[in-house]
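One-letter residues, chain by chain:
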Amino acid sequence: MIAGFNLKTLKFSIFFLISFLGYAQNDSIPFKVDPLFDFNKPETLGLPVAKNKETITIFSPHKNANKYNHGVVLFPFKNMLYAQWQSSSIDEDGPDTQIFYAQSKNGKNWSKPIALTSIYENGIKTSGGWWSDGETLIAYICVWPNADENVKEGYTEYRTSINGTAWTSPKKVKNKEGQPVLGIIEQDIHKLPNGRIITAFHMQPGLIVTPFFTDDPLGVLGWTAGTMKNLPSDKNMSRELEPSWFYRKKDSAVVMIFRDQQSTFKKLASVSFDNGNTWATPQIVDTPDSRAKQSAGNLPDGTAFMVNNPSGNKNRFPLVITLSKDGFLFDKAYLLRSGKKSDLQPLRFKGKYKRIGYSYPKSVIWNNYLYVSYATNKEDVELTRIPIRNLEY
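Worth saying up front: this structure is predicted, and the values here are computed from it rather than measured. (Residues numbered from 1 in each chain as written. Predicted model: local features only at pLDDT ≥ 70, side-chain atom pairs only at ≥ 80, totals over all residues. Heavy atoms only, no water.)

Visitor: Lay out the overall build of the chain in plain terms, naming residues and giving numbers.
Guide: Along its length, the chain carries one helix and 27 strands. Whereas a compact globule of 393 residues would reach a radius of gyration of roughly 21 Å, the chain reaches 21 Å, a difference of no more than 12%. Summarising its shape, the C-alpha atoms of the chain cover approximately 85 × 50 × 45 Å along the three principal directions. Relative to its full complement of 393 residues, the chain shows a buried share of 55%. (Helix = DSSP H or I, 4+ residues; strand = E, 2+ residues; numbered from the N terminus. Rg over C-alpha atoms; globule rule 2.2 N^0.38 Å. Buried < 20%, exposed > 50% of the residue type's maximum accessible area, 1.4 Å probe, protein only.)

Visitor: Explain empty space enclosed by the protein residue by residue, including any values.
Guide: The tally for this structure, following the rule as stated, stands at one cavity of 30 Å³ or more. Lining of the largest cavity is provided by Val33, Phe37, Lys267, Thr287, Pro288, Met306, Asn308, Pro310 and Thr322. Secondary structure elements with two or more residues in the lining of the largest cavity: strand S19 (283-288) and strand S21 (304-308). (1 Å grid on protein atoms, 1.4 Å probe; cavity = no way out; pocket = protein on both sides within 12 Å on 5 of 7 lines; lining within 4 Å. Points joined across faces, edges and corners; volume = space filled by probe spheres on them.)

Visitor: Report on the packing of aromatic side chains, specifying residues and quantitative values.
Guide: Here the structure, examined in full by the defined rule, presents 16 aromatic pairs. Both rings, one in Phe75 and one in Trp131, keep their centres 5.8 Å apart while their planes meet at 55°; by these two values the pair is tilted. You can see Phe75 sitting in strand S3 (residues 68-77) and its partner Trp131 sitting in strand S7 (residues 123-132), a full 56 residues away along the chain. Here Phe75 and Trp131 have matching classes, each one buried. What links up through ring pairs into an aromatic cluster is the set Phe77, Tyr82, Tyr101, Trp130 and Trp167. A cation over a ring is seen here: Arg248 above Phe328, with NZ or CZ 4.0 Å from the ring centre. The ring of Tyr393 is capped by Lys332, whose NZ or CZ atom sits 4.4 Å from the centre of that ring. (Phe/Tyr/Trp six-rings, centres within 6.5 Å; stacked < 30°, edge-to-face > 60°. Lys NZ or Arg CZ within 6 Å of the ring centre and 35° of its normal.)

Visitor: Go over the pairing of strand S26 (residues 369-376), please, and point to the residues and values.
Guide: Of all eight residues in S26, seven are buried; the element is thus mostly enclosed. Bridge analysis of strand S25 (residues 358-366) against S26 gives seven bridges, and the strand direction is antiparallel. Among the inter-strand pairings, Tyr358 is bridged to a residue of S26, identified as Thr376. Hairpin remark: S25 followed by S26, antiparallel, with two residues in the connecting loop; positive phi at Asn367, about 50°. In this structure, S26 lies alongside strand S27 (residues 380-387), joined through eight bridges in antiparallel fashion. (Pairing = 2+ DSSP bridges.)

Visitor: Would you mind going over the side chain of Glu157 in detail, with residue names and values included?
Guide: Inspection of the secondary structure puts Glu157 in strand S9 (residues 155-161). In this structure Glu157 comes out as buried when scored by relative accessible area, which is 10%. At 3.3 Å, the side chain of Glu157 and the side chain of Lys125 are in polar contact. If sequence neighbours within four positions are ignored, Glu157 has contacts with Lys125, Ala139, Tyr140, Ile141, Val143, Pro170, Lys171, Lys172 and Val173. (Polar contact = N/O pair within 3.5 Å; in protein donor to acceptor, adjacent residues only side chain to side chain. Contact = heavy atoms within 4.5 Å.)

Visitor: So what about the layout of surface pockets? Which residues, and what values?
Guide: Empty space within the largest pocket amounts to approximately 1,400 Å³. Of all the elements in the fold, those that place two or more residues in the lining of the largest pocket are S3, S7, strand S8 (137-145), strand S11 (183-185) and strand S16 (240-248). Ranked by the residues each element gives to the lining of the largest pocket, the list is headed by S7, at four residues. For the lining of the largest pocket, a count of residues per class yields 16 nonpolar, 13 polar and 18 charged. Here the second largest pocket defines a volume of roughly 710 Å³. As for the second largest pocket, its lining consists of 29 residues, and the residues nearest its centre are Ile189, His190, Lys191, Asn298 and Ile365. For the lining of the second largest pocket, the secondary structure elements donating two or more residues are S3, S7, strand S12 (190-191), S16, strand S20 (295-298) and S25. Looking at side-chain class alone, the lining of the second largest pocket contains 17 nonpolar, seven polar and five charged residues. (Nonpolar A, V, L, I, M, F, W, Y, C, P; charged D, E, K, R; others polar.)

Visitor: I'd like to hear about the pattern of salt bridges, residue by residue, with values.
Guide: A complete count under the given rule lists 19 salt bridges for this structure. Here Arg348 and Asp380 are joined by a salt bridge, their closest N and O atoms 3.0 Å apart. Taken as a pair, Arg348 in the loop between strand S24 (332-337) and S25 and Asp380 in strand S27 lie far apart in primary sequence, 32 residues in all. Look at Arg348 and you get partly exposed, because its relative accessible area is 37%. The network of salt bridges with shared partners includes Glu186, Asp188, Lys293 and Lys362. (Salt bridge = Lys/Arg side-chain N within 4 Å of Asp/Glu carboxyl O.)

Visitor: Lay out the sheet that holds S20 with the relevant residues and their values.
Guide: Strand order in the open sheet formed by four strands is S20-S21-S22-S24, with antiparallel pairing between adjacent strands. Either end of the sheet is taken by a strand with one partner, and the two such strands are S20 and S24. Taking the axes of each pair of neighbouring strands and ignoring which way they run, one obtains an average angle of 20° across the sheet. Bridge count between strand S22 (residues 319-324) and S24: five bridges; the pairing is antiparallel. Along S24, the bridge assignment pairs Leu319 with Arg337. (Axes fitted to C-alpha atoms, helices over the stretch in contact; angles between N-to-C directions.)

Visitor: How would you sum up the sheet that holds S9? Please name residues and give values.
Guide: Taken together, four strands build an open sheet; the order of strands is S7-S8-S9-S10 and the sheet is antiparallel. One side of each edge strand has no neighbouring strand; the edge strands of this open sheet are S7 and strand S10 (171-172). Pairing geometry for S9 and S10, over two bridges, is antiparallel. Looking at S10, one finds that Glu157 is bridged to Lys172.

See below:
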């Protein structure tokens, strides 16, 4: 036996080397998705319906109400479920855009919309999502000052509440140096098993997506940029946009998925093995997408999930959840909402950038359900919930 070295150490070293080489060789494949989708059936993709799913309307506009509603995000706080969204009278990002929210004790019956922001005279403010340490609710606000139309950019504020009714004045989200984070937050914020919070900001100049993390339980201070090399793109907007992420217990990996602004109509994905400090260069994953926001996460048993519109084109229907037992192979998919007329209500009011379908899904787990929120036709604020037992392997 060589001093300080033995056969057990040698075996471990060989195993580590093989594992490392395996990761290096498969760096272009963060995960795989089985060919689950039948594109000859565009309304349903030939998928089975998720058992015991329910669809619930949070807000539906009448002719005298705001007819554009989008960016719906749910979050549980002190035995209530909260929904946040942006809203305007007619058009997407109209000058009268505000953020509204509603509350529910059971996920089915919702309060009337409550204004979280007033109309912003120097630009617009849109929904940034939620976070909480259990005692204080954080509402993120995306601020888009008026600027050159060719360079869209902004920053993130937050308001706090201990009862979901009374709110503090807005403050800017801060980085580890105590300075404002000059970027738009992504609404999908999750926590690692060790308590670290991870999401992404779309950073100035323009909108350059960057993974961020913080160890501040409230998620308002100490945000730190992870290191990730973006793919080549237009100088004012990264190719990767609007990510979400899931966790792989087997190798402690954080897997972040993005929309691909280059219109491959597939997902991009990046992996971090060090709690979000460093990230692999994003790679295309061979699974269909609609070039829109999606949501991802984990069920309580560790099952990874992705929710999106896997149409393979610009259609934002159907709405589908795809599942993986280990986060390496996604091999199950269920229909949440279809493109059939019996399921997808008609677009009732015209407006700039409005379109049929289920736009920008986001998800949260609450009281043994997985809740998926979205804007139907960019006018109805809706959710679909599924008992978690019907999604487990």
